[in-house]
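Structure at a glance
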Amino acid sequence: MKKSLMTVLLVLGCVSLLTASPRRESQLEDWKFTRTDVSEASSAAFDDSAWESVTVPHDWAIYGPFDLGHDVQNVAILQNGETQASEKTGRTGGLPFIGVGWYRTTFDVAPEEVGKRVVITFDGAMSDANVWVNGKKAGNWPYGYSTFWFDVSDLVKAGENVVAVRLENLGQSSRWYPGAGIYRPVTVEVSEHFSIDKWGVTVTTPEITNEWAKVKVRLTFNDADKAGLLTIKHTVKDGDGNVVSRSSLEGIRLYGSNQEAELILPEPALWSPESPNLYTLQTEVYSDGKLVDTESTRFGVRTLSFTAERGFELNGQQRKIKGVCLHHDLGPLGAAVNEAALRRQVRILKDMGCDAIRTSHNMPSPMQMEIYDEMGMMVMAESFDEWARAKCKNGYNRYFNEWFERDLTNLLRCHRNHPSLIMWCIGNEVPDQGTQNGKRLALRMRQICHQEDPTRPVTCGMDQVDAVIANQFATVMDIPGFNYRTHKYEAAYEALPHGFVLGSETASTVSSRGVYKFPVEEVKGARWDDAQCSSYDLNACGWSNLPEDDWLLQDDKDWVIGEFVWTGFDYLGEPTPYDDRFPSRSSYFGICDLAGLPKDRFYLYRSRWNTEESTLHILPHWNWQGREGEVTPVFVYTSWPTAELFINGESQGKRTKDETTRENRYRLRWDDVVYEPGEVKVVAYDADGRQVEEKTIRTAGKAVKLVLEADRTQISADGKDLSFITVKAVDKNGNFCPLADNRIEFEVEGAGSFRASCNGDATSMDEFHVPSMKLFSGMLVAIVQSGEEPGDIVFTAKSKGLKTASMTIESK
């Protein structure tokens, strides 16, 4: 671009509202669906009236039923150290995701829009999507986690247009429940052919001071040869809608397909997990005086730094990453993405003090990233669980060589404007890491990342520590990320040039909410007859560890820059250590269970991570009929340094955290308590010995009634919003009954409907969508969905022998 062809104006102050956009976007939500493989279904004339009506996002497999025969895999799980293949029954959740599904819908194109550019975008479709428009093939995209789009301009006509989508999932294609169907939103965009390209706005902030920030905007155009004399206007608004900067580039002729501009933001409000400040860039493009395109792009202003001298810095402040790994499923909702469910996850994690999420082991949805920006969660965006070498016979390895560059490029372009995103992850425990070809692939992927986004570092979750040091695979990474292997951190630090190490996947402690096993001892690979795990939080897998092992390194080694715990929530599939014992069908790794209810371990992490609020938590529960007179240890997870324990008013002594011992540095333990029914009280003391907080739990009597608590009592009447209602059993005095397993029936009346329920039991065969479920450890969560008309939603939970409970949710 020649400077003589443009005039640059930078103005701070008010700006008029944007002219009506020539770009039209609509979401395709109402579809017809069948599980029958009908070859004629791609035809525009095909009659789909007998098919099921569904709303996208949609996961066809989450409705079950659970069954032992779904995707039985005879494999050796190398990550678990297995050398001999054996039958794995619940590895992908015991749900019917295998097979073919067809979807069909329509969208309208106005006569005046014929001849314009029409793009259809799928945020995610599981999997091997083949798409037709009006009976003509639009394209194929195999990877179920990728956001992809097709230009269908030449396939549309005025009036109604028919979209048909065929998806197919194979057995032995995943190590966890992948979901099935069009599980993320689908949109259609209509624009001029000369317009801003898909993901064609890139915003960076290369220079930031307290007084100002430079904002650099790069536009990429489609059909740039059709451009006339251009005027490009940029307007930046803060989170309150106030105009803080604008520019106008006039008299421009394009040379190539890109154009850049710079703006200055005065006194920028920085983005961080604690203060997730956002700005909106509004762009208008005029060609020969006619408005031809507009785009709105949210961004944030923040700095990132990873150095040997200072470790990780956000906005110039040193911090250690307090992150969790998350699978993409939403428990009883399956893989179908939902804004209310994602926001609930973030609220729970932020209460724990978590500040980062690793989207493991898959590409995040645009909806996720928007929420993480708004609510303040740093993100490691992951791409692949497999490269060229297989973990699963029918996994991504079948497509990798042909597709990885396109999939990775889409990930980068789709998400590079998000301030929450702090690093890219190009793989997880890929078998290729131990090979020279793996190093070549890693170099190519890092190159793609840096070409598309030079502002963020690249990492990979590595577990073959010796191999990746020897073959220099780890050296390729901007950030050396290690999964577990805490005993090799020191050697990696000494051998690698980076000067720091990240726990890209840590802990994998296993537990079942409200379940405790005796004797209380630290054991790896422990299994019990009921296929549950102990919530004393002392059990891990043969290859994993307790939280303490990661924290000792983080606290004692400046060069350990943080962690991503496996996992924030339980997820469907991968029921280690019971991979071979159906009906185990979901994980035990979560800090919260599959229903989103915190396990005891939540409070252990909270006591360390949440520095704004105190934590004081007692375990186990105190209903142990038959254990009278037996040793029943009591643990306290607290942010306070000292606490005193009382059983029925009698002191069991004080305990103080001891930095010299692994066992007592982060937990307070009374290992010799003898059980007797009654009251357990803990009194906490600060560093000066002052009593600051206390908590009491009691032996509960017989359950007599249900109590309800909703995460939100007001929701939006949009047909999508959800309220998550916790149902508990209590005795006549209101004491929680931790052993209650009553079957609960649900009724929903008024302006909403029953959506699903979940009790967090990894062995439960109750179907999520049926309005009936048993309590597990005294609790469960029921989910109510709004309708499209405002009004009251009345939710009722009832059980034989218990007093019924009802509550009203307002849908507005």
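This section reports on the structure supplied with the text. Fair warning: this is a prediction, and the values are worked out from it, not measured in the lab.

Here we come to the overall build of the protein. Secondary structure assignment for the protein yields 9 helices and 49 strands. A globule of 812 residues ought to have a C-alpha radius of gyration of about 28 Å, and the protein, at 28 Å, matches this closely. On the principal axes, the C-alpha backbone points of the protein span a range of 90 × 65 × 55 Å. The 812 residues of the protein split such that 60% are buried. For the protein, restricting intrachain contacts to residue pairs at least 6 apart in sequence, the fraction spanning at least 24 positions comes to 70%. Taking the average location of the 88 positive side-chain charges in the protein and that of its 116 negative ones, the two points are 1 Å from each other.

Among the secondary structure elements, Asp-355 is positioned in the loop between helix H1 (339-352) and strand E25 (356-359). Setting aside anything within four residues of it in sequence, one finds Asp-355 in contact with Pro-273, Arg-319, Lys-320, Ile-321, Lys-322, Gly-323, Met-377 and Met-378.

A few words on the nonpolar core. With 204 residues, the main nonpolar core has Trp-31, Tyr-103, Val-324, Phe-384, Trp-387 and Phe-746 as its most contacted residues. Here Trp-31 is in contact with Glu-52, Ser-53, Val-54, Val-56, Tyr-103, Arg-104, Thr-105, Val-163, Val-165, Ile-182 and Val-186, once residues within four sequence places are set aside. Counting 26 residues, the second-largest nonpolar core is a separate cluster that includes Val-215, Phe-221, Leu-254 and Val-292.

Counted under the stated rule, the structure contains 40 aromatic pairs. Taking the centre distance of 4.5 Å and the plane angle of 10° together, the rings of Phe-400 and Phe-404 count as stacked. Separated by 4 residues within a single helix, Phe-400 and Phe-404 lie in helix H3 (residues 400-415), roughly one turn from each other. We classify Phe-400 as buried; its relative accessible area is 0%. Residues Trp-551 and Tyr-605 carry aromatic rings whose centres are separated by 5.1 Å and whose planes lie at 85° to one another, so their mutual orientation is edge-to-face. Of this pair, Trp-551 sits in helix H8 (residues 547-556) while Tyr-605 sits in helix H9 (residues 600-609); the two residues are 54 residues apart in sequence, bridging distant segments of the chain.

The subject of this paragraph is the pairing of strand E9 (residues 129-133). Of all the 5 residues making up E9, 5 are buried; the element is thus mostly covered by neighbouring parts of the structure. Residues Ala-129, Val-131 and Val-133 of E9 are buried on one face, and the alternating residues Asn-130 and Trp-132, pointing to the opposite face, are buried as well. Direction of pairing for E9 relative to strand E10 (residues 136-141): antiparallel, over a ladder of 5 bridges. Note that in E10 the partner of Val-131 across the bridge is Gly-139. What sits between the antiparallel neighbours E9 and E10 is a turn of 2 residues, in which Asn-134 has the positive phi angle 55°.

Let us now look at the packing of H8 against H9. The contact between H8 and H9 brings their axes to 12 Å, and the two run at 10°. Taken as axis vectors, H8 and H9 run roughly parallel relative to one another. Facing H8, whose interface residues are Pro-547, Trp-551, Gln-554 and Asp-555, H9 presents Arg-601, Leu-604, Tyr-605 and Arg-608.

Taken in spatial order, the 6 strands make up an open sheet running E4-E3-E7-E12-E9-E10, and their pairing is antiparallel. What marks the edges here is a single partner per strand, and that holds for strand E4 (52-55) and E10. Neighbouring strand axes in the sheet, compared pairwise and without regard to direction, differ in orientation by 25° on average.

The next subject is the sheet that holds strand E23 (residues 317-318). The antiparallel open sheet is built from 3 strands, whose spatial order is E21-E22-E23. Pairing within the sheet leaves two strands with one partner each, and these edge strands are strand E21 (304-307) and E23. Two elements, strand E22 (residues 311-314) and E23, share 2 bridges in a ladder whose sense is antiparallel. The residue of E23 that forms the bridge with Leu-314 is Gln-317.

Thresholds applied
- Residues numbered from 1 in each chain as written.
- Predicted model: local features only at pLDDT ≥ 70, side-chain atom pairs only at ≥ 80, totals over all residues.
- Heavy atoms only, no water.
- Helix = DSSP H or I, 4+ residues; strand = E, 2+ residues; numbered from the N terminus.
- Rg over C-alpha atoms; globule rule 2.2 N^0.38 Å.
- Buried < 20%, exposed > 50% of the residue type's maximum accessible area, 1.4 Å probe, protein only.
- Contact = heavy atoms within 4.5 Å.
- Lys, Arg positive; Asp, Glu negative; His and termini not counted.
- Charge placed at Lys NZ, Arg CZ, Asp CG, Glu CD.
- Core = buried A, V, L, I, M, F, W, Y, C linked by side-chain atoms within 4.5 Å.
- Phe/Tyr/Trp six-rings, centres within 6.5 Å; stacked < 30°, edge-to-face > 60°.
- Pairing = 2+ DSSP bridges.
- Axes fitted to C-alpha atoms, helices over the stretch in contact; angles between N-to-C directions.
- Parallel < 35°, antiparallel > 145°, perpendicular 65-115°, else oblique.

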